[in-house]
Amino acid sequence: MTGTTAMSARGAVLVLNAGSSSLKYQLLQPDTEEVQADGVAERIGESESSITHEQDGEESTEVLALPDHHAAIERAMRFFADHGTDLTTAGLLAVGHRVVHGGRTFYRPTLIDPEVISEISRISTLAPLHNPANLIGIDAARSLLPDVPSVAVFDTAFFHSLPDAAATYAIDRGVADLHAIRRYGFHGTSHEYVSQQVAEFLDRPVDLHQIVLHLGNGASASAIAGGSPIDTSMGMTPLEGLVMGTRSGDIDPGIVLHLNRVARLGVDQIDTLLNKQSGLKGLCGENDFRSITEKMAAGDAGARRAYDIYIHRLRRYIGAYMIELGRVDAITFTAGVGENAASVRADALAGLENYGIVIDAERNAVRAKHARRISADDSDVDVLVVPTNEELAIARQAADVVAAL
Ligand code: AMP
């Protein structure tokens, strides 16, 4: 048993997604897409951290103190060892790291060396909550698995080629250039992966005009023409755009000034307000769509209002991207809300028959884990639900980088 599992880890990639107090990991085969194990460590740095590991159909959870990401990876490695997988000798192809912000420097998956680490660190001012956590994960993986190449896959990379008019804020050029202020876009790995899946599903890889709606706890929309993004809703940071679980999305920037001048909130308080206490949570106290749907069904007016605001913003972006694209062939829903909340899909595209967009209610109601069409046969625009898989995309990109060495 032990030997078999160890052998099957050969050629696998360990994907790490390190947050400020969490670490998600997955061991998978980029070619066969087989997931051999996955896990998550939470509340890292607190006295009661927890780690859950799933492998060979068994799930184990342990509550313990994990002082840092190094300790979390070490504990995960012991879970792997319990299942007969010694990560140090399993012949891993690579460790693939999700890195949130690549700034103006990184727009391809990149083999990590000390120079890359110092550049990721330098651009951390652009993502002060995320990049430092990603770097801690990188450091821990490099010290615990020194013989396995580490590859950074950047959440901003796919949007590197955004047209200048979409990427540029209308502020003083000198200030913007000095401080690297532009629209970078995020969730790029997901938008790229899903848009490629759409092209495959429709068997139409060239010149496909599509809108991808990544609706999870974080949410973003993108307009993609012929495989290249022409616009996206997140900007310099992941705060811009759609209403999200706890993030406001678009607001009048004057509100920030008002909160500072009149409400006397400091930058950190405003940061917390807009990133953690806004969006659906700020509107109705819930950031999980399941709870919002339940509350709406029970007649809760606050949940209904939050939902309406969420849908309003989403429709505004869909409309804008339809005009930007000129012609839309496909609109695709993905991520936790997009893949599961049929009412969001129906309401986001309701009443657009004149634009050739017709959802089939029965198809939309089907729950499934695979890519599917939910538009009616007479819909000009294909409306799809396509599960995202950022881990697989990261594993493939990391494996490609290593293969090219
Ligand atoms: P993600 O960030 O992609 O993992 O998505 C997480 C979000 O998906 C959760 O916060 C929920 O709001 C939402 N979600 C997950 N499952 C469902 C479901 N069955 N129905 C509605 N929303 C869901």
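Residues numbered from 1 in each chain as written. Predicted model: local features only at pLDDT ≥ 70, side-chain atom pairs only at ≥ 80, totals over all residues. Heavy atoms only, no water.

**Looking at helix 7 (residues 188–201)**
Step number 1: Along its 14 residues, helix 7 runs 20 Å from first to last C-alpha, staying within 8% of the 20 Å computed at 1.5 Å per residue.
Step number 2: Within helix 7 the residues assigned to the buried category are Gly188, Thr189, Ser190, His191, Tyr193, Val194, Ser195, Val198 and Ala199.
Step number 3: Residues of helix 7 that are buried sit in contact with strand 8 (150–154), strand 9 (209–215), strand 10 (219–225), strand 12 (330–334), strand 14 (382–385) and helix 16 (390–403).
Step number 4: Two residues or fewer after helix 7 comes aspartate 203, characterised by a positive phi angle close to 50 degrees. (Helix = DSSP H or I, 4+ residues; strand = E, 2+ residues; numbered from the N terminus. Expected span 1.5 Å × (residues − 1). Buried < 20%, exposed > 50% of the residue type's maximum accessible area, 1.4 Å probe, protein only. Contact = heavy atoms within 4.5 Å.)

**Observations regarding the environment of valine 13**
Step number 1: Of note, valine 13 is situated in strand 1 (residues 13–18).
Step number 2: Distance in space between the C-alpha atoms of valine 13 and threonine 237 is 28 Å, their sequence separation being 224 residues.
Step number 3: Other than its neighbours up to four places away in sequence, valine 13 contacts Gln26, Leu27, Leu28, Pro30, Leu93, Ala94, Gly96, Ala395, Ala398 and Ala399.

**Overview of the nonpolar core**
Step number 1: With 43 residues, the main nonpolar core has Leu215, Tyr310, Ile331 and Val344 as its most contacted residues.
Step number 2: Ranked by residues supplied to this core, first place goes to helix 12 (residues 301–325) with 11 residues.
Step number 3: If we ignore the near neighbours within four places in the chain, the residues touching isoleucine 331 are Ile211, Leu213, Ile318, Leu349, Ile357, Val381, Asp382, Val383 and Leu384. (Core = buried A, V, L, I, M, F, W, Y, C linked by side-chain atoms within 4.5 Å.)

**So, the side chain of threonine 52**
Step number 1: Looking at the element boundaries, threonine 52 is found in strand 4 (residues 49–55).
Step number 2: Side-chain polar atoms of threonine 52 contact the side chain of threonine 61, separated by 3.0 Å.
Step number 3: Setting aside its immediate chain neighbours within four residues, threonine 52 contacts Tyr25, Asp38, Gly39, Val40, Glu59, Ser60 and Thr61. (Polar contact = N/O pair within 3.5 Å; in protein donor to acceptor, adjacent residues only side chain to side chain.)

**Side note on the sheet that holds strand 9**
Step number 1: If you walk across this open sheet you meet the 6 strands as 11-10-9-12-14-13, and the pairing is mixed. Of all strands in the sheet, those bounded by a partner on one side alone are strand 11 (228–232) and strand 13 (372–373).
Step number 2: Pairing geometry for strand 12 and strand 14, over 4 bridges, is parallel. Residue pairing for strand 14: phenylalanine 333 is matched across the bridge by valine 385.
Step number 3: Contacting strand 9, strand 10, strand 12, strand 13 and strand 14, helix 7 crosses the sheet at an angle of about 130 degrees to strand 9. (Pairing = 2+ DSSP bridges. Axes fitted to C-alpha atoms, helices over the stretch in contact; angles between N-to-C directions.)

**Here we look at the site of the ligand**
Step number 1: For the ligand, the full set of nearby residues is Gly216, Asn217, Asp288, Phe289, Arg290, Ala335, Gly336, Val337, Asn340, Ala341 and Arg367.
Step number 2: In this structure, an oxygen atom belonging to the ligand sits 3.4 Å away from a side-chain N or O atom of aspartate 288.
Step number 3: The separation between a nitrogen atom of the ligand and a polar side-chain atom of arginine 290 is 3.5 Å.
Step number 4: Taken by itself the ligand offers 500 Å² of open surface, and the protein chains cover 71% of this.
Step number 5: Sorting the residues of the shell around the ligand by element identifies helix 11 (289–297) and helix 13 (335–340) as the ones contributing at least two each.
Step number 6: Looking at which element gives the most residues to the shell around the ligand, the answer is helix 13, with 4 residues.
Step number 7: Here the residues of the shell around the ligand are counted per class, giving 4 nonpolar, 4 polar and 3 charged. (Near = heavy atom within 4 Å. Areas by Shrake-Rupley, 256 points an atom, 1.4 Å probe, with all protein chains shown as cover. Nonpolar A, V, L, I, M, F, W, Y, C, P; charged D, E, K, R; others polar.)

**Topic: the side chain of aspartate 382**
Step number 1: Structurally, aspartate 382 can be placed in strand 14.
Step number 2: Among the polar contacts made by the side chain of aspartate 382, one reaches the side chain of arginine 373 at a distance of 2.8 Å.
Step number 3: Filtering out sequence-adjacent residues up to four positions away, aspartate 382 remains in contact with Leu202, Asp329, Ala330, Ile331, Arg373 and Ser375.

**A closer look at the environment of isoleucine 374**
Step number 1: Here isoleucine 374 is to be found in the loop between strand 13 and strand 14.
Step number 2: Since its relative accessible area comes to 0%, isoleucine 374 is described here as buried.
Step number 3: Each C-alpha atom, one on isoleucine 374 and one on valine 385, is 7.1 Å from the other, the two residues being 11 residues apart in sequence.
Step number 4: Ignoring sequence-local partners within four residues, the contact set of isoleucine 374 consists of Arg345, Ile359, Asp360, Arg363, Asn364, Val383, Leu384 and Val385.

**Here's the deal with the packing of helix 8 (residues 253–261) against helix 9 (residues 267–276)**
Step number 1: Interaxial distance between helix 8 and helix 9 falls to 10 Å at its minimum, and their mutual angle equals 135 degrees. Looking at the two axes, helix 8 sits oblique to helix 9. Crossing geometry of helix 8 relative to helix 9 is assigned as right-handed. Between helix 8 and helix 9, the residues in contact are Val256, Leu259 and Asn260 and Ile270, Leu273 and Leu274, respectively. (Parallel < 35°, antiparallel > 145°, perpendicular 65-115°, else oblique. Left-handed = near helix turned anticlockwise from the far one by under 90°.)

**Re the packing of aromatic side chains**
Step number 1: For the coordinates displayed, the defined rule picks out 6 aromatic pairs.
Step number 2: Between phenylalanine 289 and tyrosine 307, the ring centres sit 6.1 Å apart and the planes meet at 70 degrees, which makes this aromatic pair edge-to-face. Taken together, the positions of phenylalanine 289 in helix 11 and tyrosine 307 in helix 12 put the pair 18 residues apart, joining distant regions of the chain.
Step number 3: Judged by centre distance (5.8 Å) and plane angle (75 degrees), the ring pair of tyrosine 317 and tyrosine 321 falls under edge-to-face. Of this pair, tyrosine 317 and tyrosine 321 both sit in helix 12, 4 residues apart, which is roughly one turn of that helix.
Step number 4: Residue classification places tyrosine 317 among the buried residues on the basis of a relative accessible area of 11%. (Phe/Tyr/Trp six-rings, centres within 6.5 Å; stacked < 30°, edge-to-face > 60°.)

**As for helix 11**
Step number 1: Taken residue by residue, helix 11 has Phe289, Ile292 and Met296 as its buried positions. End-on, the buried residues of helix 11 take up no more than an arc of 55 degrees, which puts them together on one face. Away from its buried face by more than 90 degrees, helix 11 exposes Arg290, Glu294 and Ala297.
Step number 2: Here helix 11 starts with a cap whose side-chain oxygen sits 2.8 Å from the backbone nitrogen of arginine 290, and that cap is aspartate 288.
Step number 3: Looking at the residues trailing helix 11, positive phi occurs at glycine 299, about 90 degrees. (Arc of directions from axis to C-beta.)

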